[in-house]
Amino acid sequence: MKIISVVGARPEFIQATPVSRALRKHHREILVHTGQHYDYKMSQTFFDELGIPAPDHNLEVGSGSHAGQTAEILVRFEEIVLQEQPDVVIVRGDTNSTLAGALVASKLHIPTVHIEAGERSFDRRMPEEINRLVADQLSSVYFCVSQTAVRQLANEGITKNVYWVGDVMLDANLANRPLARKKSTILSDLRLAPASYSLVTVHRAANTDDPARLTNIVRALSRVGETVIFPVHPRTRGALEKLDAQFGDNVRLIEPVGYYDMMVLEENARLIATDSGGVQREAYFMQKPCLTLRDETEWTETVTAGWNKLVGVDVDMIVHEWNSFMPPSVQPPIFGDGAAGEKIAEILGQIQLSVHEERVAA
Ligand code: UD1
Ligand code: UDP
């Protein structure tokens, strides 16, 4: 089978590795990088570290408005699909690259496979919610990270070719953790002792593009009374500069880090606070208490399990939970067994693929 896999943003590179490795045992995979993320620290570093095969095509779309970026991917990706004539197109997650990939494939009557299907925040102000709703409507095969996602698809009338395989991010995490420990020097570079700091990431538009929310985050981090390591996403760097944000001396802003450094920073943090979907799940894999700087999350199972707490951007609540939040001692295996990539490749080799599956009423 000839498969086109679409990647474009940081988490998609990380998720691609376990799937590519498994797919390439039995199928021909063409990797298409849309160019949505392009800085070395947002893109190439992951290819170098994780040994992801070089993309067969890089669409080099760069940044833009939602419409502009999505439109560029649509036009350039359509050409590639027409040229390559794949049997299947794989998209993952909820980025503009996901949306455009699914739209192009679907209009060319090529079955679309959605990895990380069925996740919902029920907040349509999030661009990611729109992207995954549309991608799920257009896809023919669904690989779900959690049972909640399977149920959510069923609620929307999507029941055919839906598979719970677990999280490919867990595959990547388990496969790379020993290497990360061996290779990363980030703790000594930053002169950090294990458990002496907390780790923060922020990049959601709802936080970066709202000065009041971002100001609250700056204030809260400055008040927590602990060293905070904050690798700053380029979107957030721009927003903080615009705000002329002044952090307390306890907050150390650093450039985005590579995957190995990030794993070591996560593994040795006392606590993680984030608005990232990937980092919320990695906090769970690493058994770290997680505070989510959002009002809702797709990863509700981590909250139900008691390992993740939604704190929004309320300064007092963040500071209070920072110093008191304590997860339970047990952790249910929500995200599978770390073999999602293998399961995806196996299932794709077995099922009959067709486009435009019918929907049943919920
Ligand atoms: C995108 C995804 C989001 C995902 C995130 C992962 C969408 C709608 N959002 O958000 O779901 O969680 O990636 O990190 O697809 N920029 C650079 N260099 C880069 C990349 C981006 O400077 O290499 C800056 C640009 O100013 C750009 C901004 O970051 O406008 C936002 O980038 P974009 O890819 O549009 O969205 P993300 O916030 O990264
Ligand atoms: N990540 C990284 N370096 C950083 C910040 C994040 O390697 O400086 C990794 C993180 O470990 C996770 C992925 O990037 O694997 C998450 O991506 P991001 O937070 O950008 O997007 P989301 O998961 O929210 O879509």
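Data block above holds the structure.
Residues numbered from 1 in each chain as written. Chains lettered and ligands numbered in written order. Predicted model: local features only at pLDDT ≥ 70, side-chain atom pairs only at ≥ 80, totals over all residues. Heavy atoms only, no water.

Student: Please clarify how the packing of aromatic side chains should be interpreted in this entry.
Tutor: Each aromatic ring pair is specified by the distance between its two centres and by the angle formed by the two planes. Scanning the entire structure with this criterion turns up eight aromatic pairs. Their ring planes at 55 degrees and their centres at 5.1 Å tell us that Phe13 and Phe47 sit as a pair that is tilted. In this pair, Phe13 sits in helix α1 (residues 10-26) while Phe47 sits in helix α2 (residues 44-50), placing the two residues 34 residues apart along the sequence. Accessibility classification places Phe13 together with Phe47 in one group, the buried group. Summarising the aromatic geometry, the rings of Phe230 and Phe247 are spaced 6.2 Å apart at their centres and angled 90 degrees between planes, so their arrangement reads as edge-to-face. Highlighted residues: Phe230 in strand β9 (residues 227-231) and Phe247 in the loop between α11 (234-243) and β10 (251-254), separated in sequence by 17 residues. Using a relative accessible area of 18% as the deciding quantity, one classes Phe247 as buried. (Phe/Tyr/Trp six-rings, centres within 6.5 Å; stacked < 30°, edge-to-face > 60°. Helix = DSSP H or I, 4+ residues; strand = E, 2+ residues; numbered from the N terminus. Buried < 20%, exposed > 50% of the residue type's maximum accessible area, 1.4 Å probe, protein only.)

Student: Before we go on, may I ask you to explain the sheet that holds strand β3 (residues 57-58) in this structure?
Tutor: Adjacent strands of a sheet pair through backbone hydrogen bonds, lying either parallel or antiparallel. Reading across the sheet, the seven strands line up as β3-β2-β1-β4-β5-β6-β7 and stay open at both edges, with parallel pairing between neighbours. Of all strands in the sheet, those bounded by a partner on one side alone are β3 and β7 (162-164). Inspection of the sheet shows strand β6 (residues 141-144) paired to β7 by three bridges, in the parallel sense. In the sheet register, Cys144 faces β7, and the bridge partner there is Trp164. (Pairing = 2+ DSSP bridges.)

Student: Help me out: how do you make sense of the layout of surface pockets in this one?
Tutor: Taken as a whole, the second largest pocket holds about 230 Å³ of empty space. In this structure, the second largest pocket is lined by 13 residues; those nearest its centre are Asp123, Arg125, Met126, Ala206 and Glu296. Counting only elements with at least two residues in the lining of the second largest pocket, the list comes to α5 (127-138) and α9 (205-208). It is α9 that contributes the most residues to the lining of the second largest pocket, three residues altogether. Grouping the amino acids of the lining of the second largest pocket by side-chain chemistry returns four nonpolar, one polar and eight charged. (1 Å grid on protein atoms, 1.4 Å probe; cavity = no way out; pocket = protein on both sides within 12 Å on 5 of 7 lines; lining within 4 Å. Points joined across faces, edges and corners; volume = space filled by probe spheres on them. Nonpolar A, V, L, I, M, F, W, Y, C, P; charged D, E, K, R; others polar.)

Student: Looking at this model, I keep getting lost on the pattern of salt bridges. Mind explaining?
Tutor: Pairing between side chains of opposite charge can happen when their charged atoms approach one another. Counted according to the given criterion, the structure contains 24 salt bridges. Residue Glu72 pairs with Arg76 through a salt bridge whose shortest N-O separation is 2.8 Å. Placement of the pair is Glu72 and Arg76 together in helix α3 (residues 66-84), with a separation of four residues, close to one helical turn. The salt bridge involving Arg294 is made with Glu296; its shortest N-O contact spans 3.0 Å. Neither Arg294 nor Glu296 differs from the other in exposure class; each is buried. Salt bridges here are not isolated pairs; linked through shared partners, they connect Asp94, Glu129, Arg132, Arg294, Glu296 and Glu298. (Salt bridge = Lys/Arg side-chain N within 4 Å of Asp/Glu carboxyl O.)

Student: Looking at this structure, I do not really get the nonpolar core. What am I missing?
Tutor: In summary, soluble globular proteins display a tendency toward joint burial of nonpolar side chains. Of all hydrophobic cores here, the largest spans 42 residues; its most connected members are Ile229, Tyr259, Leu265 and Phe335. Elements represented by at least two residues in this core include exactly α1, α2, α7 (168-183), α8 (186-189), β8 (197-201), α12 (259-268) and α13 (277-285). Discounting chain neighbours no more than four positions away, the residues touching Phe335 are Val145, Gly166, Asp167, Leu170, Arg281, Tyr284, Phe285, Trp299 and Thr302. Counting residues in hydrophobic clusters, the runner-up holds 26 residues, among them Val200, Phe230, Val315 and Trp322. (Core = buried A, V, L, I, M, F, W, Y, C linked by side-chain atoms within 4.5 Å. Contact = heavy atoms within 4.5 Å.)

Student: What is the right way to look at the site of ligand 2 in this model?
Tutor: Not every one of the 19 residues close to ligand 2 is listed here, only the nearest: Arg204, Val257, Ser276, Gly278 and Glu282. Within the side chain of Arg10, an N or O atom sits 2.9 Å from an oxygen atom of ligand 2. Take Gly277: an N or O atom from its main chain is 2.9 Å from an oxygen atom of ligand 2. Within the complex, the protein chains bury 95% of what would otherwise be the 530 Å² of accessible surface of ligand 2. (Near = heavy atom within 4 Å. Polar contact = N/O pair within 3.5 Å; in protein donor to acceptor, adjacent residues only side chain to side chain. Areas by Shrake-Rupley, 256 points an atom, 1.4 Å probe, with all protein chains shown as cover.)

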